[in-house]
Amino acid sequence: LPSEAALVERFRVSRQTVRSAIRTLREAGLVKSHQGLGTLVRNLGANHGYVHHVSTISDLFPVNVTTRYELVEGTLASLPKYAQSFLDENTDRTWLHIRGFRYREGSTAAFNEVDIFVPGRFAGVGRVINTHVGAVYAAIEMIYGEIVSEVDQVMSGFTADAEQGAGIGLKPGEVGMEVRRIFRIASDNDIALISFNRYRPTDFTF
């Protein structure tokens with residue numbers, strides 16, 4: 001699509017009106033915004049999603065749980081293959097890898113493991129992650145003054161291996177449930193983080 005400025009001039013409307021129209025097209029699955037490329041028309045034949053409206057993004061997370069995070073490497077690195085395949089855009093940036101585990105009250109066994117990848121732009125969140133107990137996107141909002149306005153979510157099964165699923169007791173080869181999310185910020189629609197939440201099938205409800 002033309003740039004926002006070109007659409008403002010062409011239709012003689014405000015920039016806010018243009019942004020609202022593009023957001024409506026994006027929610028309908030007709031276009032996809034890419035940093036550096038602009039807004040591209042999507043192939044409808046490949047779209048099997050729907051828009052899930054929630055009151056706040058926190059509605060996507062389990063309640064009454066304890067979360068513990070740790071830095072996996074402590075340095076910025078490329079995305080692993082499984083995370084690269086989830087993105088439908090090319091990115092050569094580096095990411096901070098955070099791993100988290102969620103526990104229900106009174107339990108010492110994690111029911112949810114999550115791998116989170118934060119782009120270098122927001123990697124400062126790593127300085128507080130060991131003591132942070134809420135969602136990582138909320139820490140990014142607090143530290144950087146950004147607002148997460150959109151979450152792309154995909155739910156599917158996954159096959160556990162020596163790393164993925166091990167933290168929740170799955171043995172290699174066993175099948176679990178995975179929720180993959182891309183969080184985007186309102187200011188420029190850039191990625192705030194990518195997360196991979198994994199559950200045992202008996203612990204997963206939607």
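Residues numbered from 1 in each chain as written. Predicted model: local features only at pLDDT ≥ 70, side-chain atom pairs only at ≥ 80, totals over all residues. Heavy atoms only, no water.

## Here's the deal with the pattern of salt bridges
Here is step 1 of the chain: With the rule as written, the count across this model stands at 16 salt bridges.
Here is step 2 of the chain: With its nearest N and O atoms 3.8 Å apart, the salt bridge here joins Arg104 to Asp203. Remark: Asp203 occurs in the segment after strand 8 (191-199) and Arg104 occurs in strand 4 (residues 95-104); sequence separation between them is 99 residues.
Here is step 3 of the chain: On the basis of relative accessible area, Asp203 is assigned to the buried category, the value being 18%.
Here is step 4 of the chain: Here Glu178 ties to Arg180 by a salt bridge, and the two come within 3.8 Å at their closest N and O atoms.
Here is step 5 of the chain: By relative accessible area, Glu178 is classed as buried at 7%.
Here is step 6 of the chain: One salt-bridge network, in which partners are shared between bridges, spans Arg99, Glu113, Asp115, Glu178, Arg180 and Arg198. (Salt bridge = Lys/Arg side-chain N within 4 Å of Asp/Glu carboxyl O. Helix = DSSP H or I, 4+ residues; strand = E, 2+ residues; numbered from the N terminus. Buried < 20%, exposed > 50% of the residue type's maximum accessible area, 1.4 Å probe, protein only.)

## A look at the packing of aromatic side chains
Here is step 1 of the chain: In this structure the tally under the stated criterion is 8 aromatic pairs.
Here is step 2 of the chain: Where Phe111 meets Tyr199, the ring centres are 6.3 Å apart and the plane angle is 40°; that geometry is what we call tilted. Of this pair, Phe111 sits in the loop between strand 4 and strand 5 (112-119) while Tyr199 sits in strand 8; the two residues are 88 residues apart in sequence, bridging distant segments of the chain. Like Phe111, the residue Tyr199 is buried in the burial classification.
Here is step 3 of the chain: A network of ring pairs unites the aromatic residues Tyr82, Phe86, Phe117 and Phe196 as a single cluster.
Here is step 4 of the chain: In this structure, Arg68 is placed above the aromatic ring of Tyr103, and the distance from its NZ or CZ to the ring centre is 4.4 Å.
Here is step 5 of the chain: It is Arg104 that lies over the ring of Phe111; its NZ or CZ is 4.0 Å from the centre. (Phe/Tyr/Trp six-rings, centres within 6.5 Å; stacked < 30°, edge-to-face > 60°. Lys NZ or Arg CZ within 6 Å of the ring centre and 35° of its normal.)

## Digging into the packing of helix 1 (residues 4-11) against helix 2 (residues 15-27)
Here is step 1 of the chain: The contact between helix 1 and helix 2 brings their axes to 9 Å, and the two run at 110°. By the angle between their directions, the pair helix 1 and helix 2 is classed as roughly perpendicular. Judged by the twist between their axes, the crossing of helix 1 over helix 2 is right-handed. Contacts from Glu4, Ala5, Leu7 and Val8 of helix 1 reach helix 2 at Arg15, Val18, Arg19 and Ile22.
Here is step 2 of the chain: The class makeup of the residues in the contact of helix 1 with helix 2 is 5 nonpolar, no polar and 3 charged. (Axes fitted to C-alpha atoms, helices over the stretch in contact; angles between N-to-C directions. Parallel < 35°, antiparallel > 145°, perpendicular 65-115°, else oblique. Left-handed = near helix turned anticlockwise from the far one by under 90°. Contact = heavy atoms within 4.5 Å. Nonpolar A, V, L, I, M, F, W, Y, C, P; charged D, E, K, R; others polar.)

## Here we look at the layout of surface pockets
Here is step 1 of the chain: Approximately 320 Å³ is the volume found for the second largest pocket.
Here is step 2 of the chain: Residue lining of the second largest pocket: 18 residues in total, with Leu60, Pro62, Tyr199, Phe204 and Thr205 positioned closest to the centre.
Here is step 3 of the chain: Only strand 6 (148-159) and strand 7 (175-185) provide two or more residues apiece to the lining of the second largest pocket. (1 Å grid on protein atoms, 1.4 Å probe; cavity = no way out; pocket = protein on both sides within 12 Å on 5 of 7 lines; lining within 4 Å. Points joined across faces, edges and corners; volume = space filled by probe spheres on them.)

## Quick notes on the nonpolar core
Here is step 1 of the chain: Judged by nonpolar contacts, the single largest core of 23 residues is most densely connected at Ile98, Val118 and Val136.
Here is step 2 of the chain: Counting only elements with at least two residues in this core, the list comes to strand 4, strand 5, helix 4 (136-144), strand 7 and strand 8.
Here is step 3 of the chain: Top element by residues in this core is helix 4. It accounts for 4 residues.
Here is step 4 of the chain: If near-sequence neighbours (up to four positions away) are discounted, Val136 is found in contact with Tyr69, Ile98, Ile116, Val118, Val125, Ile129 and Leu193.
Here is step 5 of the chain: Among the nonpolar cores identified, the runner-up in size contains 10 residues, and Leu79, Leu87, Trp95 and Phe196 belong to it. (Core = buried A, V, L, I, M, F, W, Y, C linked by side-chain atoms within 4.5 Å.)

Keep in mind these values describe shape, not function.
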